[in-house]
Amino acid sequence: MSETIERIKCLIIGSGPAGYTAAIYASRADLKPIMYTGMEPGGQLTTTTEVDNFPGYPEGIDGPAMMMDLQKQAERFGTEVRMGMVTEVEFSKEAGGIHKACIDNSKWVEAETVIISTGATAKYLGLPSEQKLRGGGVSACAVCDGFFYKNQDVAIVGGGDTAAEEATYLANICKKVTMLVRKDEMRASKAMQHRVNNTKNLEVRYNTEVDEVIGDQVVDGLRMVNNKTGEKEEIAITGLFIAIGHKPNTDIFKGHLDMDETGYLITQGKSTKTNIPGVFASGDVQDKEYRQAITAAGTGCMAAMDAERYLAEIETSEEEQKEVTA
């Protein structure tokens, strides 16, 4: 371990839309933020070929290019972006306390405020053919990428509320949607099941799983297997959407921060405040409802403003304390 511990005003953990937006606002507020990018600099959008629904890009933009734009904007105002991963944390429970974070198991930094924007990772099936075609027709976000498959045949995997909602969303855009449900019934609420069953161009295949995604550079088809009979069948599709859930990247915060049963950080009311004073959460790490780049960016802005206000309150409190003791 390094013996000298760096002290900073604002530590940002994670570098997606939430982290970079927090960095832009924090640096403009003179919080001199230091950002550690994590294992996936730029977050999930770096795996997206084209972003068409982020305001300000009328022609769309390549995902990695958009993240580079956000990084440059943050750096322009003074954010220091560092490669590295936070591997351990020690949070003070006192207002005005100093928080500690270990970087790559080798260096500790101290911070007056911490903004967590580590995001969530989409769950995939793990098939080699699926991984090969991620970005080439395999997607984990129907709202993000469904537009590109207008009037085409697609398939979606999953049986919960999210899968049902995304399937009906796709049905409004696509020619036909085939929904693969692993069990003999859906986990989705009855209301969502009724919506699925009443959508004419949406076919549900129960007890059905993906055997292989067909295609070289892009998705051309799908081989399905009935897990009861073992019977296999191929269909022609151009897009495959995986809707089996997300895993928030919060393992290192377990035991430190309040989170729900699935690991999403819990924030207070409409703020980004966690249960620890001076620690804030933004983006997909605390949002399991929307999970969009623009909503993540919005909460990144909120987190930076919450951090700025927190520091101002601490400073005011300290000044008042000095006056009392003077």
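Residues numbered from 1 in each chain as written. Predicted model: local features only at pLDDT ≥ 70, side-chain atom pairs only at ≥ 80, totals over all residues. Heavy atoms only, no water.

Asker: Lay out the overall build of the protein chain with the relevant residues and their values.
Answerer: From N to C terminus, the protein chain includes seven helices and 17 strands. Dimensions along the principal axes, computed over C-alpha positions, put the protein chain at roughly 80 × 40 × 35 Å. Taking the intrachain contacts of the protein chain between residues at least 6 apart in sequence as the baseline, contacts between residues at least 24 apart amount to 59%. Summed over all atoms, the accessible surface of the protein chain reaches about 16,500 Å², with 48% contributed by carbon and sulfur. Taking the average place of the 34 positive charges on the side chains of the protein chain and the average place of its 49 negative ones, the gap between the two points comes to 4 Å. (Helix = DSSP H or I, 4+ residues; strand = E, 2+ residues; numbered from the N terminus. Contact = heavy atoms within 4.5 Å. Areas by Shrake-Rupley, 256 points an atom, 1.4 Å probe, with all protein chains shown as cover. Lys, Arg positive; Asp, Glu negative; His and termini not counted. Charge placed at Lys NZ, Arg CZ, Asp CG, Glu CD.)

Asker: Lay out the state of the cysteines in plain terms, naming residues and giving numbers.
Answerer: Scanning the model with the defined rule gives one disulfide in all. Through a disulfide, Cys141 is tied to Cys144; the S-S separation comes to 2.1 Å. One quick way to see it: the torsion about the S-S bond of Cys141 and Cys144 is about 70°, and its sign makes the bridge right-handed. Looking at the unpaired Cys10, the closest cysteine sulfur is the one in Cys301, lying at 13 Å. (Disulfide = S-S within 2.5 Å.)

Asker: Tell me about the environment of Glu50, residues and numbers included.
Answerer: Along the chain, Glu50 falls in the loop between strand S2 (34–36) and helix H2 (63–76). Overall, the relative accessible area of 32% leaves Glu50 in the partly exposed class. Once the C-alpha coordinates of Glu50 and Val143 are considered, the two residues, 93 residues apart in sequence, prove to be 13 Å apart. (Buried < 20%, exposed > 50% of the residue type's maximum accessible area, 1.4 Å probe, protein only.)

Asker: Can you lay out the nonpolar core for me, pointing to particular residues and giving the numbers?
Answerer: Judged by nonpolar contacts, the single largest core of 27 residues is most densely connected at Ile12, Met66 and Ile115. Mapped onto this core, the elements with two or more residues apiece are strand S1 (6–13), helix H1 (17–28), H2 and helix H7 (293–325). Here this core takes eight residues from H7, the largest share from any one element. If near-sequence neighbours (up to four positions away) are discounted, Met66 is found in contact with Leu45, Val51, Phe54, Tyr57 and Ile61. (Core = buried A, V, L, I, M, F, W, Y, C linked by side-chain atoms within 4.5 Å.)

Asker: Break down the packing of H1 against H7 for me, with residues and values.
Answerer: Relative to each other, H1 and H7 sit at 35°, their axes nearing to 7 Å. In this structure, H1 meets H7 at a crossing whose hand is right-handed. Contact residues: H1 offers Pro17, Ala18, Thr21, Ala22, Tyr25 and Ala26, while H7 offers Ala293, Ala296, Ala297, Gly300, Cys301, Ala304 and Met305. Split into classes, the residues belonging to the contact of H1 with H7 amount to 11 nonpolar, two polar and no charged. (Axes fitted to C-alpha atoms, helices over the stretch in contact; angles between N-to-C directions. Left-handed = near helix turned anticlockwise from the far one by under 90°. Nonpolar A, V, L, I, M, F, W, Y, C, P; charged D, E, K, R; others polar.)

Asker: Can you explain unusual backbone geometry? Please cite residues and give values.
Answerer: You will see that Asn105, though not glycine, has its phi angle at about 60°, which is positive. Turning to its location among the elements, Asn105 is positioned in the loop between strand S5 (99–103) and strand S6 (107–116). The exposure class assigned to Asn105 is exposed, which follows from its relative accessible area of 55%.

Asker: With reference to specific residues and values, describe the pattern of salt bridges.
Answerer: Applying the stated criterion to the full structure yields 15 salt bridges. The salt bridge involving Arg7 is made with Glu110; its shortest N-O contact spans 2.9 Å. Of this pair, Arg7 sits in strand S1 while Glu110 sits in strand S6; the two residues are 103 residues apart in sequence, bridging distant segments of the chain. The class for Arg7 is partly exposed, based on a relative accessible area of 49%. In this structure, Glu212 engages Arg223 in a salt bridge whose closest nitrogen and oxygen atoms are separated by 2.5 Å. Highlighted residues: Glu212 in strand S12 (residues 208–214) and Arg223 in strand S13 (residues 221–226), separated in sequence by 11 residues. Among the residues examined, Arg223 registers a relative accessible area of 22% and is labelled partly exposed. A single network of salt bridges, built from pairs that share partners, joins Asp211, Glu212, Arg223, Lys232 and Glu234. (Salt bridge = Lys/Arg side-chain N within 4 Å of Asp/Glu carboxyl O.)

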